[in-house]
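# Report on the structure
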Amino acid sequence: MAVVVQKYGGTSVGTIEKIKAVAKKVIERKEQGNEMIVVVSAMGKTTDSLITMAKEISPNPDKRELDMLVSTGEQISIALLSMAFHEYGYNSISLTGFQAGIKTDGLHTKNRITDIDIKNVKKNLNAGRIVVVAGFQGINENGDITTLGRGGSDTTAVALAAKLKCACEIYTDVEGVYCVDPRVYPKAKKLHSISYEEMMEMASLGAGVMETRAVELGFKYNIPIYVAMTHGNKKGTVIKEYDDTMEGKVITGLTLNDDVLMITVNNVEYKSKNIARIFDKVAKHNINIDMISQTAPFEGYVNVSFTCSTDDNYSIDAAANELQTEIPGIEVSKESDITKLSVVGIGMMKQSGVAAKVFNIFSDNNIEFKQVTTSEISISYTINTSDKQKAVNALAEALDLRA
Ligand code: ADP
Ligand code: ASP
Ligand code: MG
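Let me begin by describing the structure that accompanies this report. (Residues numbered from 1 in each chain as written. Chains lettered and ligands numbered in written order. Predicted model: local features only at pLDDT ≥ 70, side-chain atom pairs only at ≥ 80, totals over all residues. Heavy atoms only, no water.)

### Brief notes about the layout of surface pockets
To locate leftover empty space, one rolls a probe as large as a water molecule over the atoms. Which entries qualify depends on this criterion: Here a cavity means grid points, on a 1 Å grid over the protein atoms only, where a 1.4 Å probe fits yet cannot get out; a pocket means an open set of points with protein on both sides within 12 Å along at least five of seven lines; lining residues are those with an atom within 4 Å of a point. Grid points are joined across faces, edges and corners, and a volume is the space filled by probe spheres set on the points. Put simply, DSSP marks the helices as runs of H or I at least four residues long and the strands as runs of E at least two long, and each gets a number from the N terminus on.
Each pocket or cavity is described by its volume, and for the second largest pocket that value is around 370 Å³. Counting only elements with at least two residues in the lining of the second largest pocket, the list comes to β5 (112-116), α6 (153-164) and α8 (212-221).

Spelled out as structure tokens, the structure:
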């Protein structure tokens, strides 16, 4: 019998009725002769609500305790789904990350899976059970519960599929991977397939439909990932190895990320020592920097800007306070209505002119950008969030991302 790992996201298990519908969908596959492992996320917006509660206690809650708290969301959904299987006459067991043997290391709230001790999962499959595994969580070497970062249930699913060398299916609330988030640009094209590299790039630049590390694992272990809609039978998207049939276009997708905080340090005396001090301080506060820009020196002074996640808001304030006392005369300001817009495509490795095309479209539409960065297969721009929709509409049209 073939093993299949299916993962259902938060919206797909958001109500009791939806959990029952998921159970029926899984049972259909089981009846076709498959052994089923089902990974689930927390119901609906449970994780967000748990984080909100924690922030009401403390603006910067202890990360170990945060993991302890948010991991409870998945524990509710696995138990309910397993009960639904029992109710429909099927043998099933729910397992937490620890019980499923998911070992992790790293920092609390941002852990990585290091290995899976698959014995317990296999034992339960062999006993004919549908195994329901809590997404997003594992256990570290101290025996503490850990979580894998937002969206981490995808990673749990792909890691299990990689360990068992079996099929991996991710079910969600959209029909598959689109060139542009269909909630922002409803006319976007749905992709039949996309390469691991492009999906990794799109995910890391904000296409929340897949978690980046999940795609990385699929790439590493060559596990094709099928992304489709939970409810309904529409054909989805396969994330797989790059092949020549995918090479049709230079740009495969456009991604957006509103989780951007832009920090500007003004009046910095133009000495490399000062720039180093700023970024040392930021590093000491464990802030992950994304884009950096600096103005040309004017009368011996420069302004330096960088971006990071809004999650780092608290740490930025702490770093800014220290910097302002240590480097007299500087001024630190924060902007949060910033969007990072990126165009992604493997075709860019062979074709130039994409940046120029985007700059022209921005210019035709009076859109000012703040920073630009490039990788081999993407170009990213920060713009004011108020210009986001205008930019998406114009770029999607011009870059042939429309259905
Ligand atoms: P789940 O809870 O099932 O994991 P997510 O909210 O994490 O669901 O991911 C699905 C969402 O990803 C969609 O509702 C959609 O708005 C968003 N999304 C962003 N970019 C894309 C894209 N390029 N293609 C499809 N969906 C996208
Ligand atoms: N429940 C977790 C989150 O909301 C994990 C996931 O949904 O994949 O981030
Ligand atoms: Mg998700």
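Let us keep going from here.
### Re the pattern of salt bridges
To keep things clear, this is the line we draw: Salt bridge, as applied in this entry: a Lys or Arg side-chain nitrogen positioned within 4 Å of an Asp or Glu carboxyl oxygen. Relative accessible area decides the class of each residue, using a 1.4 Å probe on protein chains only: under 20% of the type maximum gives buried, over 50% gives exposed, and in between gives partly exposed.
Within the structure shown, the criterion is met by 22 salt bridges. Ionic pairing is found between K20 and E17, a salt bridge with its closest N-O pair at 3.7 Å. With K20 and E17 both in helix α1 (residues 16-31) and three residues apart, the pair spans about one turn of that helix. Accessibility expressed as a relative area gives 54% for E17, which makes it exposed. We note a salt bridge from D400 to K189, for which the minimum N-O separation is 3.5 Å. Taken together, the residues D400 in the segment after α12 (388-398) and K189 in the loop between β9 (167-172) and β10 (193-195) connect sequence positions 211 residues apart. For D400, a relative accessible area of 42% puts it in the partly exposed group. Taken together, the shared-partner salt bridges connect R64, E65 and D144 into one network.

### Let's talk about the packing of aromatic side chains
Spelled out, the test is: Whether two aromatic rings pair depends on their centres lying within 6.5 Å, for rings of Phe, Tyr and Trp, where Trp uses its six-membered ring; planes under 30 degrees apart make the pair stacked, over 60 edge-to-face, and the rest tilted.
A full pass over the atoms with the stated rule returns seven aromatic pairs. A centroid spacing of 5.2 Å and a plane angle of 80° characterise the contact between F362 and Y381, whose relative ring orientation is edge-to-face. Within this pair, whereas F362 is found in helix α11 (residues 354-364), its partner Y381 is found in strand β18 (residues 378-384), the two being separated by 19 residues in sequence. Each member of the pair, F362 as well as Y381, is classed as buried.

### Here's the deal with empty space enclosed by the protein
The criterion, for reference: The classification used treats Ala, Val, Leu, Ile, Met, Phe, Trp, Tyr, Cys and Pro as nonpolar, Asp, Glu, Lys and Arg as charged, and all other residues, Gly among them, as polar.
One pass over the full model with this rule turns up one cavity of 30 Å³ or more. If you add up the space inside the largest cavity, you get close to 50 Å³. Every residue along the wall of the largest cavity is listed here: I263, V265, V282, F306, I316, A319, A320, L323 and V332. Secondary-structure elements contributing two or more residues to the lining of the largest cavity are β13 (253-269) and α10 (313-326). Per-element tally for the lining of the largest cavity: the top contributor is α10, with four residues. Looking at the lining of the largest cavity, its residues break down into nine nonpolar, no polar and no charged.

### Topic: a nonpolar patch on the surface
Our working definition: Patches here are clusters of residues that have more than 30% relative accessible area and form no salt bridge, with a 9 Å joining cutoff for like charges and a 5 Å cutoff for nonpolar side chains (Val, Leu, Ile, Met, Phe, Trp, Tyr). Here the Shrake-Rupley method, with its probe set to 1.4 Å, supplies the accessible areas, and only the displayed protein chains count as covering residues.
On the surface, F359, F369 and V372 cluster together into a nonpolar patch covering about 220 Å² of accessible area. Checked against the element boundaries, F369 lands in strand β17 (residues 369-375). Overall, F369 belongs to the partly exposed group, its relative accessible area being 37%.

### Structural notes on the sheet that holds β10
Quick reminder of the rule: Strand pairing requires that DSSP identify at least two bridges connecting the strands. Note on method: axes are straight lines fitted to C-alpha atoms, helices fitted across the in-contact stretch only, with angles between N-to-C directions ranging 0 to 180 degrees.
Ordered in space as β3-β6-β2-β1-β9-β11-β12-β10, the eight strands form an open sheet in which the pairing is mixed. Edge positions in the sheet fall to β3 (92-95) and β10, since each has one partner strand and no second. Recorded for the sheet is a direction-independent mean angle of 20° between the axes of neighbouring strands. In terms of strand pairing, strand β1 (residues 2-8) meets β9 through five bridges, oriented parallel. Paired with Q6 across the bridge in β9 is E169.

### Brief notes about the side chain of S92
Our working definition: The term polar contact refers here to a pair of N or O atoms within 3.5 Å; inside protein, the definition further demands a hydrogen-donor-capable atom paired with an acceptor-capable atom, and it admits residues adjacent in sequence only when both atoms are side-chain atoms.
Within the secondary structure, S92 is located in strand β3. Of the residues examined, S92 reaches a relative accessible area of 6% and is grouped as buried. Reaching out from S92, the side chain makes a polar contact with the backbone oxygen of I130 at a distance of 3.1 Å.

### Overview of the pairing of β17
As paired strands, β17 and β18 are joined by six bridges and run antiparallel to one another. Note that in β18 the partner of Q371 across the bridge is T382.

### Comments concerning the sheet that holds β18
Working definition: the strands of a sheet are paired by backbone hydrogen bonds and lie parallel or antiparallel to each other. Rule in force here: The contact criterion used throughout is that any non-hydrogen atoms of two residues lie within 4.5 Å.
Spatially, β14-β15-β13-β16-β18-β17 is the arrangement adopted by the six strands of the open sheet, whose pairing is antiparallel. In this open sheet, the two edge strands, each paired with only one partner strand, are β14 (292-294) and β17. Recorded for the sheet is a direction-independent mean angle of 25° between the axes of neighbouring strands. Pairing between β13 and strand β16 (residues 331-344): eleven bridges, direction antiparallel. Counterpart to T255 in the pairing with β16 is S342. Its contacts with the sheet place helix α9 (residues 272-284) against β13, β14 and β15 (301-308), and it is angled at close to 20° to β15.

### Focus on the packing of α11 against α12
Under the convention used in this document: The scheme is simple: roughly parallel for angles under 35 degrees, roughly antiparallel for over 145, roughly perpendicular for 65 to 115, oblique for anything else. Should the near helix be turned anticlockwise from the far one by less than a right angle, the crossing is left-handed, and should it be turned clockwise, the crossing is right-handed.
Put simply, α11 and α12 touch, their axes get as near as 10 Å, and they point 135° apart. As summarised for this structure, α11 and α12 are arranged oblique, according to the angle between their axes. α12 is crossed by α11, and the crossing has right-handed handedness. Two secondary-structure elements touch here, α11 through K357, V358, I361 and F362 and α12 through A391, A394, L395 and A398. Tallied by class, residues from the contact of α11 with α12 come to seven nonpolar, no polar and one charged.

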